[in-house]
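Examination of the molecular architecture
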Amino acid sequence: GKDITFDEDFSVEQAITASGKINTIVGDISSARLNKKPLSTLEKFLWAYKETTNHFYKKEDEDESSAISRDLISILNGDKIVCAGFANMLFTLCNRLNIPCTLQHLIVGGNKIENHMTCVVRIDDDKYGIHGIFHSDPTFDCTQSNNSIYGKESFDFALVPYKHLDIRQVVLDNVDRM
């Protein structure tokens with residue numbers, strides 16, 4: 001399925017709030033018109049990407065569960081989000097907008113191995129002549145941060161052609177379904 005699993009217990013109110021936020025974003029994107037025409041796939045994706053990056057990168061506190069900054073319900077009800085949270089939000093929006101997308105878990109680093117989560121998205125857009133599979137990393141384009149790595153407020157990592165990536169070790173989930 002296209003649902004994201006959650007590691008924590010949430011109240012019904014938190015789930016309803018998160019669902020309402022996602023439904024509002026999807027509704028706004030789906031009903032938007034440009035020159036009286038529905039948005040193209042690329043335009044929908046870029047709007048979803050911007051909604052995703054419009055968060056402040058902030059890790060959970062040491063005494064908190066890591067789910068606080070990763071699970072969709074937590075990030076939409078709180079103020080903490082890291083790469084997995086950004087990826088989960090973009091994944092959810094894309095799938096709700098019928099844009100093929102999968103989560104991508106990366107293991108990166110030289111001497112220090114680190115995990116990172118991003119998305120792989122397929123864009124087929126005749127309006128702009130863009131067709132392909134792209135790496136999408138909303139973490140590095142997030143709007144605000146107190147960390148010098150983030151906070152560029154750009155689309156630099158929105159659609160990186162997948163064939164141009166130089167990644168040593170990549171684990172893809174369900175990419176063959178795209």
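Residues numbered from 1 in each chain as written. Predicted model: local features only at pLDDT ≥ 70, side-chain atom pairs only at ≥ 80, totals over all residues. Heavy atoms only, no water.

Re the packing of helix α1 (residues 12-31) against helix α2 (residues 41-53)
Which entries qualify depends on this criterion: To get an axis, fit a line to the C-alpha atoms, keeping to the stretch in contact for a helix; angles then go from 0 to 180 degrees between the N-to-C directions. Counting from the N terminus, the helices are the DSSP runs of H or I reaching at least four residues and the strands are the DSSP runs of E reaching at least two. Here is the rule for angles: anything less than 35 degrees is roughly parallel, anything more than 145 is roughly antiparallel, 65 through 115 is roughly perpendicular, and the remaining ranges are oblique. Throughout, a crossing is termed right-handed when the near helix is turned clockwise from the far one, and left-handed when it is turned anticlockwise from it by less than a right angle. It only takes one pair of heavy atoms within 4.5 Å for two residues to be counted as in contact.
Contact geometry of α1 with α2 gives a least axis separation of 10 Å together with a crossing angle of 150°. Judged by the angle between their axes, α1 and α2 are roughly antiparallel. For the pair α1 and α2, the crossing hand works out as right-handed. Across the interface between the two elements, Ile25, Asp28 and Ile29 of α1 pack against Lys44, Trp47, Ala48 and Glu51 of α2.

What about α2?
Where we set the bar: Here the expected length of a helix is defined as 1.5 Å per residue gap, with one fewer gap than residues.
For α2, built from 13 residues, the straight-helix expectation of 18 Å at 1.5 Å per residue is met to within 8% by its first-to-last C-alpha distance of 18 Å. Buried positions along α2 lie against α1, β1 (33-34), α4 (83-96), β4 (114-125) and β5 (130-136).

Quick word on the confidence of the model for the protein
What counts here: One number per residue, pLDDT, summarises how confident the predictor is, and it ranges from 0 to 100.
Per-residue pLDDT for the protein averages 82, and the proportion of residues at 70 or more is 78%. This stretch, residues 167-178, has a pLDDT under 50; its non-local contacts, to residues over four places away or in other chains, come to 25 contacts.

Looking at unusual backbone geometry
Under the convention used in this document: Summary of the burial criterion: residues with accessible area below 20% of their type's maximum are buried, those above 50% are exposed, and those between are partly exposed, where the area comes from a 1.4 Å probe applied to protein chains only.
The residue Asn35 is not glycine, and still its phi comes out positive at about 55°. Position of Asn35 among the secondary structure elements: in the loop between β1 and β2 (37-38). Note on Asn35: relative accessible area 69%, which makes it exposed. Despite not being glycine, Lys36 has its phi angle at roughly 65°, a positive value.

A look at the pattern of salt bridges
Stated precisely, the cut-off is as follows: Salt bridge, as applied in this entry: a Lys or Arg side-chain nitrogen positioned within 4 Å of an Asp or Glu carboxyl oxygen.
Going through the model one piece at a time under the given rule, you end up with five salt bridges. A salt bridge links Asp61 to Lys80, with the shortest nitrogen-to-oxygen separation between them at 3.2 Å. Taken together, the residues span a long stretch of sequence, with Asp61 in the loop between α2 and α3 (72-77) and Lys80 in the loop between α3 and α4 at a distance of 19 residues. Here Asp61 falls in the partly exposed class, since its relative accessible area comes to 39%. Lys80 is paired through a salt bridge with Glu64; the nearest N and O atoms lie 2.6 Å apart. In this pair, Lys80 sits in the loop between α3 and α4 while Glu64 sits in the loop between α2 and α3, placing the two residues 16 residues apart along the sequence. On the basis of relative accessibility, which here comes to 9%, the residue Lys80 falls in the buried class. For Glu64, a relative accessible area of 29% translates into the label partly exposed.

Regarding the packing of aromatic side chains
What counts, and what does not: Here is the rule: rings of Phe, Tyr and Trp (six-membered ring for Trp) pair when centre to centre is within 6.5 Å. Planes less than 30 degrees apart are stacked, more than 60 are edge-to-face, and the remainder are tilted.
According to the stated counting rule, one finds four aromatic pairs in the structure shown. Between Phe45 and Tyr49 the ring centres are 5.9 Å apart and the planes differ by 40°, which places this aromatic pair in the tilted class. With Phe45 and Tyr49 both in helix α2 and four residues apart, this pair spans about one turn of that helix. Tyr49 matches Phe45 in its accessibility class, with the two residues each being buried. What links up through ring pairs into an aromatic cluster is the set Phe45, Tyr49 and Phe155.

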